[in-house]
Amino acid sequence: MSLQQRADQGFRRDFGQPPTIIVRAPGRVNLIGEHTDYNDGFVLPMAIDRAIWIALQPRADGRVVAHALDLDDATTLTLETLENTGEDWAEYLKGVAWSLQEAGYALDGWEGVIIGDVPRGAGLSSSAALELATARAFSLVSGIPWDPAEMAKVCQRAENDWVGVQCGIMDQMIAAAGQPGHALLIDCRSLDTEPVPLPPETAVIVLDTATRRGLVDSIYNERREQCEAAARFFGVPALRDVSAAQFEARAHELDDTLRSRARHVVTENARTLQAAEAMRRGDRREMGRLMSASHASLRDDFAVSSRELDAMAACARRHDACYGARMTGAGFGGCAIALIRADAAQHFSSTVAACYREATGISPNIHVCQAAQGAEVVTAPDIVH
Ligand code: GLA
């Protein structure tokens, strides 16, 4: 049974009638452009065919009643008196409701069920998927026009100021604005986006190392501070404003750590623009080369890879159908991705799984993924705004 059917069925069980609205929002992988979003730079993520679904109907009493089917857990929120009580998934719902109201939107309530297949904590942005699905639900029942960039900013604020995670804008933007068959080149300063087609006859494989690291948030925040310090040194608002030539001219004045961090961001921004160009030309080899170079830079200069991510990327690259491979997302654990020849997907997956198991003793989770649509309404009657 599809997730949509399970959401529909779960709703009927809870509320005794069919849902009036079903929305979904996807997880993501980032093809290239890592740790560049909070430096006002460029990213090239794609939404994947794993998503959070909400089946719902409006409620007239200013409340939200939500049942997370996978977790067998329910919550009731009163929109007028939201309170952060450190709940698990429910804080994302409250955070989005809070952030929408802070942005000046008047909200109506809803009741529904939530279900998804974005693995949690794997670095595939299940939280951004939940935020954008929630925003999509609120926008429909409250008659708020759907502007993907505006809603991404609202959801990022929910994550930053309600949930308390200092992420950039990438995950929310791609969950809001992804396009089937395409990655999205996002300028994280202007929030301009350009869909870029995946090279023909290629597949993107998600290689989950099955490792999760603690301390991710504190290391992430430390990297952000280092980037800000480097931008101050160059006298610019963000490292986005430092060209390769400007970097080279003054790099020797920086201490070793800041020099390495800044070098990653400056070169990664350039690689991301080159990667978009390579994809437009359908140049798989160049795209793959840039992905592998990105991994080396994240490992050596930005220091956010891990033994398992390195092993996974190395195993992937050893296969002759692989154009390139790299860690994806914040790092320290979670997933790598590989760009490969599409017809070799099965052989690639089993070979890389065996290689990784041999190298680390851990069984990975490997799946082929398709580039999917961002947050969308799957069913809704005309009577709803
Ligand atoms: C996490 C954050 C994103 C981005 C990446 C690194 O996924 O949520 O905003 O900074 O790390 O590229």
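**Some words on the pattern of salt bridges**
1) Next: Per the stated rule, a full pass over the model turns up 28 salt bridges.
2) Next: For Asp8, the salt bridge goes to Arg12, with nearest N and O atoms at 2.6 Å. One end of the pair is Asp8 and the other is Arg12, both in helix α1 (residues 3-15) and 4 residues apart, which spans about a single turn.
3) Next: Notably, a salt bridge pairs Arg280 with Glu194, separated by 2.8 Å at the nearest N-O pair. Note that Arg280 is positioned in helix α8 (residues 256-281) and Glu194 in strand β8 (residues 193-197), a separation of 86 residues in sequence.
4) Next: When salt bridges that share partners are traced, they join Asp40, Arg189 and Asp241 into one network.

**What about the site of the ligand?**
1) Next: For the ligand, the full set of nearby residues is Arg28, Glu34, His35, Asp37, Tyr38, Cys167, Gly168, Met170, Asp171, Tyr220, Gly329 and Ala330.
2) Next: In the model, an oxygen atom of the ligand is placed 3.0 Å from a nitrogen or oxygen of the Arg28 side chain.
3) Next: One nitrogen or oxygen atom from the side chain of Asp37 is found 2.5 Å from an oxygen atom belonging to the ligand.
4) Next: Starting from 310 Å² of accessible surface for the ligand in isolation, the protein chains cover 93%.

**Side note on the side chain of Glu268**
1) Next: Relative to the assigned elements, Glu268 resides in helix α8.
2) Next: Once residues lying within four places of it in the same chain are set aside, the contact partners of Glu268 are Ile32, Gly33, Glu34, Thr36, Ser294 and Arg326.

Calculation notes
Residues numbered from 1 in each chain as written. Predicted model: local features only at pLDDT ≥ 70, side-chain atom pairs only at ≥ 80, totals over all residues. Heavy atoms only, no water. Salt bridge = Lys/Arg side-chain N within 4 Å of Asp/Glu carboxyl O. Helix = DSSP H or I, 4+ residues; strand = E, 2+ residues; numbered from the N terminus. Near = heavy atom within 4 Å. Polar contact = N/O pair within 3.5 Å; in protein donor to acceptor, adjacent residues only side chain to side chain. Areas by Shrake-Rupley, 256 points an atom, 1.4 Å probe, with all protein chains shown as cover. Contact = heavy atoms within 4.5 Å.

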